[in-house]
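# Structural overview for review
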Amino acid sequence: MAITEDISEFLQKGKAKNVKELVQQALDEGIGPKVILNDGLLSAMMIVGKKFKNNEVYVPEVLVAARAMNAGLSILEPKLVEAGNESLGKAVIGTVKGDLHDIGKNLVAIMLKGAGIEVVDIGVDADVQKFIDKAEESNADIICMSALLTTTMQNMKDVIDELQSRGLRDKYVVMVGGAPINDTFAKQIGADFYTPDAASAAEVARNQLLARA
Amino acid sequence: MKISDFQIKLNHKTILHLLDCNENSPQYSEFLEEIHALEPEITKTLHPEAVIAFCEIDDKYGTDALPQGTPVICLLATVGEEISGLASEYFRNGDCVSGMIVDAAADDCLFQMERVLKEAIKEECAVRKLGISGRLEVPNEIPFYFQKMIWEKTHAQEELNVTINDSFMMNPVKSNCCIYKLTDDITMFKIQHDCSKCTSTSCKLRHMSSV
């Protein structure tokens, strides 16, 4: 069995230590970092994401897999930089102005990374300017906004309105999520997508980027 | 009245339940081990404190259902800011398992605090010869802006170092508040949250008793 398949197997089981060791071994054997990333880490995370969507695995399995992926990435990232690897795309993610909740946003960020997307995390309580400035500055493809309160979710619209008024709306895929958000609200404020969980957010983001490529 | 003596011991079962990790999960034993390993650090960073205030609904906050002058108890409880910082730190380091466990432990702590607070409120009501006709929470029974009133009435800034912003969001994030409606009927003590009336149908603590 190819070592990338072993990496994938261990990652799906959430065995961070094994993933880390095998990624190092694969590099030592001369396997390219992009191959390890795509065939070992990302493919495994996609399998886990699909299984989660189909209710074959649950939150704990996704969490341990994501942690294992991060362990592998910590070894791989310097090599990827050296190899000049380009990510699938870039997403700016943050919790909107007035809202300090970050757990949901953090989970989405980790799953986006697991889908091969570069993440620019702008934290919590992020205002309109911060979202747009960071997206422009980092040449992002996607803007992801999170809100946990009905009193703050309206601030998502401000970001979209400002994108519109600056003529930047079509440049970005805008995704929204959080406990009080739903599809109807997303449509009302002019967002492109609402996703109910981190795994679907990563899947939608990846599909959008693949479609754009 | 400030209450700080909670003596919380993490409830592993509740934490695992909050993480959707039941005994049949392949990750059950691993998560349990992680909780054990994290427990000293979590316990050190949890700072459970609460304030209860007997007061009346102010003019500016009065509603048809809860008019000005209605006698109430305002409760604001928090586990402090440090625990959220710890969860964020784990996430920053790519350890989402520990991050989620720490976050769930904070929720478990808030949940457990209710037992102590219930007893404290019961005692205070007995002294004042008052009963409780209902528990009102944001956003189901009272609008979000009531959090500001509760925050003011409990002097949460001075007593608990809890701040509130224009969106009525409290900081530390792991803070809870509610209003208990008082009655002269001392036999009535409807202090429990009523899950059957709550619209948070996806709440992991739905129908789990804190006592």
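Being a predicted model, the structure only gives us computed values, none of them experimental. Once a new chain begins, its residue numbering starts again from 1 and follows that chain's sequence as written. Here chains are named by letter from A upward and ligands by number from 1 upward, in the order in which they appear as written. Residue-level local features of this predicted model are given only where pLDDT is at least 70; pairs of side-chain atoms are given and counted only at 80 or more, and the full residue set underlies all totals for whole chains, interfaces and linings. Calculation of side-chain values draws on the structure's entire complement of heavy atoms; hydrogens and water are dropped beforehand.

## Quick notes on the overall build of chain B
- Counting its regular elements, chain B contains 6 helices and 7 strands.
- Under the DSSP-based scheme used, a helix requires at least four consecutive residues in state H or I and a strand at least two consecutive residues in state E, with every element numbered from the N terminus. Its helices and strands taken in sequence order, chain B reads β-α-α-β-β-α-α-β-α-α-β-β-β from the N to the C terminus.
- Note that the radius of gyration is over C-alpha atoms, with the globule rule given as 2.2 Å times the number of residues to the power 0.38. The globule rule puts the C-alpha radius of gyration for 211 residues at 17 Å, and the 18 Å found for chain B is close to it.
- Counting only C-alpha atoms, chain B reaches 55 × 35 × 30 Å along its principal axes.
- A burial count over chain B gives 51% of its 211 residues as buried.
- Counting contacts in chain B only where the partners sit at least 6 residues apart, residues at least 24 apart contribute 75% of the total.
- Of the accessible surface of chain B, which amounts to about 10,200 Å², a share of 48% is contributed by carbon and sulfur atoms.
- In this charge count, Lys and Arg are treated as positive and Asp and Glu as negative; neither His nor the chain ends contribute. Charge positions are represented by NZ for Lys, CZ for Arg, CG for Asp and CD for Glu. Across chain B, the centroid of the 20 positively charged side chains sits 5 Å from that of the 33 negatively charged ones. The rule is simple: take the accessible area with a 1.4 Å probe, protein chains only, and divide by the maximum for that residue type; under 20% is buried, over 50% is exposed, in between is partly exposed. Throughout, a contact is declared for two residues whenever any of their heavy atoms are within 4.5 Å. Using a 1.4 Å probe, the Shrake-Rupley method yields the accessible areas, and only the shown protein chains count as cover for residues.

## Observations concerning the pattern of salt bridges
- By convention in these notes, a salt bridge is any Lys or Arg side-chain nitrogen within 4 Å of a carboxyl oxygen on Asp or Glu. Across all of its chains, the model carries 24 salt bridges over all chains by this definition.
- Between Lys60 of chain B and Glu152 of chain B there is a salt bridge whose closest N-O contact spans 3.7 Å. With a gap of 92 residues between them, Lys60 of chain B in the loop between β2 (49–56) and β3 (71–78) and Glu152 of chain B in helix α5 (residues 146–153) connect regions that are remote in the sequence.
- For Lys60 of chain B, a relative accessible area of 59% translates into the label exposed.
- The closest approach of N and O atoms between Lys174 of chain B and Asp107 of chain B, which form a salt bridge, is 2.8 Å. Taken together, the positions of Lys174 of chain B in the loop between β6 (170–171) and β7 (175–183) and Asp107 of chain B in helix α4 (residues 96–128) put the pair 67 residues apart, joining distant regions of the chain.
- Salt bridges sharing common partners tie together Arg67 of chain A together with Glu30, Glu34 and Asp95 of chain B.

## Some thoughts on the side chain of Thr183 of chain B
Residue and element names in this part refer to chain B.
- As for its placement among the helices and strands, Thr183 is situated in strand β7.
- For Thr183, a relative accessible area of 18% translates into the label buried.
- Engagement of the side chain of Thr183 in a polar contact is seen with the backbone nitrogen of Asp185, the distance being 3.0 Å. Each polar contact in these results corresponds to two N or O atoms within 3.5 Å; when the atoms are within protein, one needs to be able to donate a hydrogen and the other to accept it, and residues that are neighboring in sequence are counted only if both atoms are side-chain atoms.

## Overview of helix α5 (residues 103–114) of chain A
Residue and element names in this part refer to chain A.
- The terminal C-alpha atoms of α5 lie 17 Å apart, and with 12 residues this matches the ideal 16 Å at 1.5 Å per residue to within 8%.
- Counting buried residues along α5, 10 of its 12 residues qualify, which places the element largely inside the surrounding structure.
- Listed in full, the buried residues belonging to α5 are Ile103, Lys105, Asn106, Leu107, Val108, Ala109, Ile110, Met111, Leu112 and Gly114.
- At the C-terminal side of α5, Gly116 shows a positive phi close to 85°. To estimate how far a helix should extend, the number of its residues minus one is multiplied by 1.5 Å.

## Details of the packing of aromatic side chains
Residue and element names in this part refer to chain B.
- Two rings from Phe, Tyr or Trp (for Trp, the six-membered ring) form a pair when their centres sit within 6.5 Å of each other. Planes less than 30 degrees apart are called stacked, planes more than 60 degrees apart edge-to-face, and all others tilted. Under the defined criterion, the tally for this structure stands at 3 aromatic pairs over all chains.
- Measuring from ring centre to ring centre gives 6.1 Å for Tyr61 and Phe146, while their planes differ by 45°; the resulting arrangement is tilted. Of this pair, Tyr61 sits in the loop between β2 and β3 while Phe146 sits in helix α5, and the two are 85 residues apart along the sequence.
- A relative accessible area of 6% means that Tyr61 is categorised as buried.
- Judged by its relative accessible area of 0%, Phe146 is buried.
- In this structure an aromatic cluster arises from ring pairing among Tyr61, Tyr145 and Phe146.
- Directly above the ring of Phe54 sits Arg128, whose terminal nitrogen or CZ lies 3.8 Å from the centroid. A positively charged side chain is recorded as over a ring if its NZ (Lys) or CZ (Arg) lies within 6 Å of the ring centre. The angle to the ring normal must also be within 35 degrees.

## A word on the sheet that holds strand β2 (residues 117–121) of chain A
Residues and elements named next belong to chain A.
- Two strands form a pair only when DSSP identifies at least two bridges running between them. Spatially, β2-β1-β3-β4-β5 is the arrangement adopted by the 5 strands of the open sheet, whose pairing is parallel. Edge positions in the sheet fall to β2 and β5 (193–194), since each of these pairs with one other strand and no more.
- The pairing of strand β1 (residues 89–95) with strand β3 (residues 142–146) spans 5 bridges and is parallel. Of the residues in β3, the one forming a bridge with Val92 is Ile143.
- Sitting on the sheet, helix α9 (residues 198–212) is in contact with β1, β2, β3, β4 (173–177) and β5, with an inclination near 175° to β4. Angles here are taken between N-to-C directions and fall from 0 to 180 degrees, while the axes themselves are lines fitted to C-alpha atoms, restricted in helices to the stretch in contact.

## Thoughts on the packing of helix α4 (residues 59–82) of chain A against α5 of chain A
Residue and element names in this part refer to chain A.
- Running from amino to carboxyl end, α4 crosses α5 at an angle of 60°, the nearest separation of the two axes being 10 Å. When the interaxial angle is binned, α4 and α5 end up oblique. The interaxial crossing formed by α4 with α5 has left-handed handedness. Together, Val62, Leu63, Ala66, Met69, Asn70, Leu73 and Glu77 of α4 and Leu107, Ile110, Met111, Lys113 and Gly114 of α5 make up the contact between the two elements.
- Gly counts as polar in this scheme, as do all residues outside two lists: the nonpolar Ala, Val, Leu, Ile, Met, Phe, Trp, Tyr, Cys and Pro, and the charged Asp, Glu, Lys and Arg. Looking at the contact of α4 with α5 residue by residue, the class counts come to 8 nonpolar, 2 polar and 2 charged. Angle categories: roughly parallel below 35 degrees, roughly antiparallel above 145, roughly perpendicular from 65 to 115, and oblique for all the rest. Should the near helix be turned anticlockwise from the far one by less than a right angle, the crossing is left-handed, and should it be turned clockwise, the crossing is right-handed.

## Overview of the confidence of the model for chain B
- A residue's pLDDT is the confidence the predictor assigns to it, expressed on a 0 to 100 scale. On average, residues of chain B score 91 in pLDDT, and 97% of them are at 70 or above.
- Under the prediction, the complex receives an ipTM of 0.85, its pTM being 0.88.

## What about the sheet that holds β2 of chain B?
- If you trace the 5 strands from one edge of the open sheet to the other, you get β1-β2-β3-β7-β4 (chain B), paired in antiparallel fashion. The open sheet has two edge strands with one neighbour each: β1 (2–3) and β4 (131–136) of chain B.

## Some remarks on helix α7 (residues 155–165) of chain A
Residues and elements named next belong to chain A.
- Residues of α7 that are buried: Asn155, Met156, Val159, Ile160 and Leu163. All buried residues of α7 fall inside an arc of 155° around its axis, so they share one side. Facing away from the buried side of α7, by more than 90 degrees, are the exposed residues Gln164 and Ser165.
- Structurally, α7 contributes buried residues whose contacts are with α6 (128–137), β3, β4 and α8 (183–189).
- In the stretch just after α7, Gly167 is the one whose phi turns positive, near 75°. The directions considered for the arc are those from the helix axis to the C-beta atoms.

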